[in-house]
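Listed below are the residues making up each chain.
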Amino acid sequence: MAEHRQLQQAALLDAARVLLAEGGREALSFGALAARAGLARSSVYEYFRSKSELVEALCTVDLPLWAAEIEAGMAACDAPAERIEAYVRGQVALATDPVHRALVAVAEYELDDAARARIRAAHTGLTTMVVRTLEELGHPGPAVAASLLQGVVEAAVRQIERAREAAEVPAIADAAVRFALDGLRSARSARSARSGRSGGAGTAPADAASGPGAG
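Residues numbered from 1 in each chain as written. Predicted model: local features only at pLDDT ≥ 70, side-chain atom pairs only at ≥ 80, totals over all residues. Heavy atoms only, no water.

Student: Please provide a residue-by-residue account of the nonpolar core, values included.
Tutor: If you look at the biggest cluster of nonpolar residues, it comprises 59 residues, and the most contacted ones within it are Tyr87 and Val88. It is helix α4 (residues 51-75) that contributes the most residues to this core, nine residues altogether. If we skip the residues at most four places from it in the chain, Tyr87 touches Ile70, Met74, Leu126, Val130, Leu149, Gln150 and Val153. (Core = buried A, V, L, I, M, F, W, Y, C linked by side-chain atoms within 4.5 Å. Buried < 20%, exposed > 50% of the residue type's maximum accessible area, 1.4 Å probe, protein only. Helix = DSSP H or I, 4+ residues; strand = E, 2+ residues; numbered from the N terminus. Contact = heavy atoms within 4.5 Å.)

Student: A description of the confidence of the model for the chain should follow, citing residues and the corresponding values.
Tutor: Summing up the model confidence of the chain, the mean pLDDT is 83 and the portion of residues at 70 or higher is 85%. Under a pLDDT of 50 for its full length, residues 200-215 has, in the predicted model, 15 contacts with residues more than four places off or in other chains. (pLDDT = per-residue confidence, 0-100.)

Student: Please set out the packing of α4 against helix α7 (residues 113-121) residue by residue, giving values where relevant.
Tutor: The geometry of α4 relative to α7 is characterised by a closest axis approach of 10 Å and an angle of 15 degrees between their N-to-C directions. In terms of their interaxial angle, α4 and α7 are classed as roughly parallel. Judged by the sense of rotation from one axis to the other, the crossing of α4 with α7 is right-handed. Side by side, α4 and α7 meet where Glu56, Cys59, Thr60 and Leu63 of the first sit next to Ala115, Arg118 and Ile119 of the second. Residues belonging to the contact of α4 with α7 are distributed by class as follows: four nonpolar, one polar and two charged. (Axes fitted to C-alpha atoms, helices over the stretch in contact; angles between N-to-C directions. Parallel < 35°, antiparallel > 145°, perpendicular 65-115°, else oblique. Left-handed = near helix turned anticlockwise from the far one by under 90°. Nonpolar A, V, L, I, M, F, W, Y, C, P; charged D, E, K, R; others polar.)

Student: How would you summarise the packing of aromatic side chains if you had to cite specific residues and measurements?
Tutor: Tallied over the full model, the rule gives one aromatic pair. Geometrically, the ring pair formed by Phe30 and Tyr45 is edge-to-face, given 4.7 Å between the ring centres and 65 degrees between the ring planes. Of the two residues, Phe30 sits in helix α2 (residues 30-37) while Tyr45 sits in the loop between α3 (41-44) and α4, which places them 15 residues apart along the sequence. Between Arg25 and the ring centre of Tyr109, over which it is positioned, the NZ or CZ distance is 3.7 Å. (Phe/Tyr/Trp six-rings, centres within 6.5 Å; stacked < 30°, edge-to-face > 60°. Lys NZ or Arg CZ within 6 Å of the ring centre and 35° of its normal.)

Student: So what about the pattern of salt bridges? Which residues, and what values?
Tutor: Two side chains bearing opposite charge may form a pair once their charged atoms approach each other closely. Per the stated rule, a full pass over the model turns up 11 salt bridges. As a salt-bridge pair, Glu26 and Arg25 come within 3.9 Å of each other at their nearest N and O atoms. The salt bridge partner of Glu85 is Arg89, with a shortest N-O separation of 2.8 Å. Here Glu85 and its partner Arg89 are both found in helix α5 (residues 80-94), four residues apart, which amounts to about one turn of the helix. Residue classification places Glu85 among the partly exposed positions, given a relative accessible area of 27%. (Salt bridge = Lys/Arg side-chain N within 4 Å of Asp/Glu carboxyl O.)

Student: Could you give an account of the side chain of His139, naming the residues involved and the relevant values?
Tutor: Here His139 lies in the loop between α8 (124-136) and α9 (142-162). Among the polar contacts made by the side chain of His139, one reaches the main-chain amide nitrogen of Gly141 at a distance of 2.9 Å. (Polar contact = N/O pair within 3.5 Å; in protein donor to acceptor, adjacent residues only side chain to side chain.)

Student: Give a detailed account of helix α1 (residues 2-23), specifying residues and quantitative values.
Tutor: Along its 22 residues, α1 runs 31 Å from first to last C-alpha, staying within 8% of the 32 Å computed at 1.5 Å per residue. Along α1, the residues classified as buried are Gln8, Leu12, Leu13, Ala15, Ala16, Arg17, Leu19 and Leu20. Gly24 occupies a position one or two residues after α1 and carries a positive phi of about 75 degrees. (Expected span 1.5 Å × (residues − 1).)

Student: How would you sum up the environment of Val88? Please name residues and give values.
Tutor: By the element assignment, Val88 lies in helix α5. Given the relative accessible area of 1%, Val88 is considered buried. Val88 sits 68 residues away from Ala156 along the chain, and the two C-alpha atoms are 9.1 Å apart.

Written as structure tokens, this is what we have:
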């Protein structure tokens, strides 16, 4: 019985993904879900008590998988700057996935703060990876920079949502990558300049000449 329930629940999540892909967040209803899965509407409530519970289940399953894809793309890069580029491009690519776009949109309407917090907790690996990469780049405030970097990504995603042609997406991705990397270089340059001034007074920090930004 437990295995049957798990299989049926997975089938309902698959049906929900199809609805989101075909019609966006407005298409996701228990009536449509029941019809897609070949069940009576009352049967859906045996697996999900509310639409919010359904959406949280989708997020709990799918968002960590998407995050893992981005982590894998970053891990495949040798240089820190390349990992930042993979992080930006990976998220921008997700913005073109109709299921991802619709799921994010419906989550904004259906999930409360507690549910969002539970989902964010599943992304700690990706956040940690970004902060660590920024530390390798020699950024003086990696945690703050990670939040700002995510802001760049989210702005790029909004631009993609407004794009009239799919051909615009690569240019938006390129612009986001340049903006992010240029900002990080500026922070490193400012840090180097401050370190240089301190060094003139004989108080240069030990990492000024040996950090990732050296040379």
